[in-house]
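Topology and contacts: notes
Listed here are the chains, written in short residue letters.
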Amino acid sequence: RRLAHRSQQQLPNIRTQHPKTPMEKAQRRLTNLGVPAAFKAFFEDVEQAPPDAVFGIKNMYSKDTDPNKINLSVGAYRDNQGKPYMLDVVKRAEELLVKDNKRNKEYLSIDGHKEFCEVSQTLIFGNESKSLREGRVCTAQCLSGTGSLRVGFEFLAQFFPRRTKVYTSNPTWGNQNTVAGKAGFQFKSYRYWDAKKRGLDFDGMIKDIQNAPSGSIILLHACAHNPTGIDPSPQQWHTIAKVIRERNHFPFFDAAYQGFATGDLHNDARAIRMFEGLGFQMLVAQSYAKNFGLYGERAGCVHVVAPSANSAKALSSHLKLIIRPMYSNPPKHGAEIVTLVLKTPSLFRRWKEEIKIMSSRIIAMRKALLDELVRLKTPGTWDHIVSQIGMFSFTGLNRKQCELLIKKHHVYLLYNGRISMAGLNTSNVGRFAKAVDAVVRATA
């Protein structure tokens, strides 16, 4: 009755006037049934949501008509001509898959492609993994890195108390906090970036992890930290592991850049393999977007290192319970590509060559950018550009300088100063350096 009363208040003429149009007649019938007629009111006052930090800037770039514009916002690899790069090994794998008459397009199981999960385990944990030998790792194929994080946090939410806090680095990739929040967790940060030194605030990081409530979830970047490009040293990783163990925290690794950071698969998985070797239970979110260039295929995994083989089997069943109502099962094509490459020796060798080529080009662009800034005598210290690794560089530019780069120089980057080094090439690195020099001097 209350619904009908509100409906009459919103549309006072429905009962007093004879309905003329089909819409008015429909509204009269709904009112007589006691159903609100003005359905549009449910969504009429919804305001525009704020744009995504990365894709919003990408859209600004797309609308810019300047022929010399530079896009350094999106984390996707580009070749030296500034074009999207499809790996040669991916092309070869697809050609082989097309010729395979045994393939089909049937649904995968809830937890995905079995061989894909197996080769992914070996890639991230290594051939010497004790956990793999003992059957203590359960894996589910997920929708690349973000999907793996989402399933992982939903999984943890089933077993950790609601008061548990998730600690992420400050700064971090913004989607991490959002995904943790969607699973019901409150998130806090541990110190990571030292703005004055433009490097790792290791002491602050350790103190914050030590002071976090016992049993907290600590989200760690396996390598090529996003957005800073600064990673702990091997010795620092040992200290981090020691503190996490002492405080009974639970480590969750985000591994989006294995092989892409340094060109060495083992080196880029060093932290994960060290934690696994020390006997930690943990989660790992693994993505093939960057190191295979499979951005649009959404290929990834979430791994759970369990205390026993029996518990791994049980936990696997819970991963399936999470995935089934979320997206039912994962896509097939990207998983087939990765599986074929990782299990075929010749393709695997070629893939390692290509990730070395990609990582080396990014390293070369770091040196070229530093050389240009030094040549221009740009105020400030810029050595951090070459000490950082991976796709991104945290330049140290402030918001005002970033806004000037976008508005006056048609250089698109995040407002926190993060740039994708993959967007630089031999044709635009000089122009970018001059733009940075100009905004730094203009805001001095």
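Definitions and limits used
Residues numbered from 1 in each chain as written. Predicted model: local features only at pLDDT ≥ 70, side-chain atom pairs only at ≥ 80, totals over all residues. Heavy atoms only, no water. Phe/Tyr/Trp six-rings, centres within 6.5 Å; stacked < 30°, edge-to-face > 60°. Helix = DSSP H or I, 4+ residues; strand = E, 2+ residues; numbered from the N terminus. Buried < 20%, exposed > 50% of the residue type's maximum accessible area, 1.4 Å probe, protein only. Lys NZ or Arg CZ within 6 Å of the ring centre and 35° of its normal. Salt bridge = Lys/Arg side-chain N within 4 Å of Asp/Glu carboxyl O. Expected span 1.5 Å × (residues − 1). Contact = heavy atoms within 4.5 Å. Pairing = 2+ DSSP bridges. Axes fitted to C-alpha atoms, helices over the stretch in contact; angles between N-to-C directions. Disulfide = S-S within 2.5 Å. Patch = residues over 30% accessible without salt bridge, like charges linked within 9 Å, V, L, I, M, F, W, Y side chains within 5 Å. Areas by Shrake-Rupley, 256 points an atom, 1.4 Å probe, with all protein chains shown as cover. Parallel < 35°, antiparallel > 145°, perpendicular 65-115°, else oblique. Left-handed = near helix turned anticlockwise from the far one by under 90°. Nonpolar A, V, L, I, M, F, W, Y, C, P; charged D, E, K, R; others polar. pLDDT = per-residue confidence, 0-100. Core = buried A, V, L, I, M, F, W, Y, C linked by side-chain atoms within 4.5 Å.

**So, the packing of aromatic side chains**
For the structure shown, the criterion picks out 17 aromatic pairs. Measuring from centroid to centroid gives 5.0 Å for Phe153 and Phe252, while their planes differ by 55 degrees, and the two rings are tilted. Of this pair, Phe153 sits in helix H8 (residues 144-159) while Phe252 is found in strand E8 (residues 250-255), placing the two residues 99 residues apart along the sequence. Take Phe153 and Phe252: they sit in the same class, and that class is buried. Taking 4.5 Å as the distance between ring centres and 25 degrees as the angle between the ring planes, the aromatic pair formed by Phe292 and Trp351 counts as stacked. Here Phe292 is found in the loop between strand E9 (282-287) and strand E10 (299-305), whereas its partner Trp351 is found in helix H16 (residues 345-375), with 59 residues between them in sequence. Considered together, Phe292 and Trp351 belong to a single accessibility category, that of buried residues. Every member of this aromatic cluster is reached through a ring pair, and the members are Phe116, Tyr288, Phe292, Phe348 and Trp351. It is Arg198 that lies over the ring of Trp382; its NZ or CZ is 5.1 Å from the centre.

**What about the pattern of salt bridges?**
The full count for this structure, using the stated rule, is 16 salt bridges. As a salt-bridge pair, Arg136 and Glu134 come within 2.7 Å of each other at their nearest N and O atoms. Here Glu134 falls in the partly exposed class, since its relative accessible area comes to 37%. In this structure, the salt-bridge partner of Glu372 is Arg375, at a minimum N-O distance of 3.0 Å. Here the residue Glu372 and the residue Arg375 both occupy positions in helix H16, the gap between them amounting to 3 residues, near one helical turn. Each of Asp88, Arg92, Arg350, Glu353 and Glu354 takes part in one network of salt bridges that share partners.

**Focus on helix H19 (residues 429-442)**
Compared with the 20 Å implied by 1.5 Å per residue over 14 residues, the 20 Å span of H19 between its first and last C-alpha is a close match. Every buried residue belonging to H19 is among Val429, Gly430, Phe432, Ala433, Ala435, Val436, Asp437, Val439 and Val440, and all of these are buried. Where the residues of H19 are buried, they touch strand E1 (70-71), H16, helix H18 (399-409), strand E12 (411-412) and strand E13 (418-420).

**A word on the sheet that holds E9**
Read across the open sheet, the 7 strands follow the order E2-E10-E9-E8-E7-E3-E4; overall the sheet is mixed. Since the sheet does not close on itself, it has two edges, and those belong to strand E2 (137-143) and strand E4 (186-191), each with one partner. The average angle at which neighbouring strand axes cross in this sheet is 25 degrees, direction not considered. Sheet contacts for helix H6 (residues 114-125): E2, E8, E9 and E10; angle to E10, the most-contacted strand, approximately 70 degrees. Running over the sheet, helix H9 (residues 174-182) touches strand E3 (165-170), E4, strand E7 (217-221) and E8 and is turned about 170 degrees from E3.

**Quick word on the state of the cysteines**
What the rule picks out here adds up to 0 disulfides. Unpaired in this structure, Cys223 has its nearest cysteine sulfur neighbour in Cys301, at a distance of 16 Å.

**As for a nonpolar patch on the surface**
A contiguous nonpolar surface patch, about 390 Å² in accessible area, is contributed by Phe42, Phe43 and Val46. Residue Phe43 is classed as exposed on the basis of its relative accessible area, which comes to 65%.

**Topic: unusual backbone geometry**
Across the junction of Asn170 and Pro171, the peptide omega takes the value 5 degrees, indicating a cis bond. Among the structural elements, Pro171 can be located in the loop between E3 and H9. In the segment running from Asn226 into Pro227, the intervening peptide bond is cis, with an omega of 20 degrees. Counting through the fold element by element, Pro227 comes out in the loop between E7 and helix H11 (234-246).

**As for the packing of H8 against helix H14 (residues 309-326)**
Orientation of H8 relative to H14, taken along the N-to-C sense of each, is 120 degrees, at an axis distance of 10 Å. As the angle between them shows, H8 and H14 are arranged oblique. Where H8 crosses over H14, the two elements pack in a sense that is right-handed. Seen from H8, the contacting residues are Arg150, Val151, Glu154, Phe155, Gln158 and Phe159; seen from H14, they are Leu315, His318, Leu319, Ile322, Ile323 and Met326. Along the lines of polarity and charge, the residues of the contact of H8 with H14 split into 8 nonpolar, 2 polar and 2 charged.

**Thoughts on the confidence of the model for the protein**
When the pLDDT values of the protein are averaged, the result is 91; 92% of them are 70 or greater. The low-confidence segment residues 1-15 (pLDDT under 50) makes 20 contacts with residues lying over four places distant or belonging to another chain.

**Overview of the side chain of Ser316**
Within the secondary structure layout, Ser316 lies in helix H14. By relative accessible area, which is 15% here, Ser316 ends up buried.

**Re the pairing of E2**
Burial runs high along E2: 6 of the 7 residues are buried. Across 7 bridges, E2 lies against E10 in antiparallel orientation. Along E10, the bridge assignment pairs Thr139 with His303.

**Looking at the nonpolar core**
Residues Phe292, Trp351, Leu369 and Phe432 are the most contacted members of the largest nonpolar core, which totals 66 residues. Ranked by residue count, the leading element in this core is H16, at 9 residues. Beyond its immediate sequence surroundings of up to four residues, Trp351 is in contact with Leu87, Val89, Leu123, Leu265, Asn291, Phe292, Val341 and Leu342. Counting residues in hydrophobic clusters, the runner-up holds 33 residues, among them Tyr190, Met205, Ile218 and Phe394.

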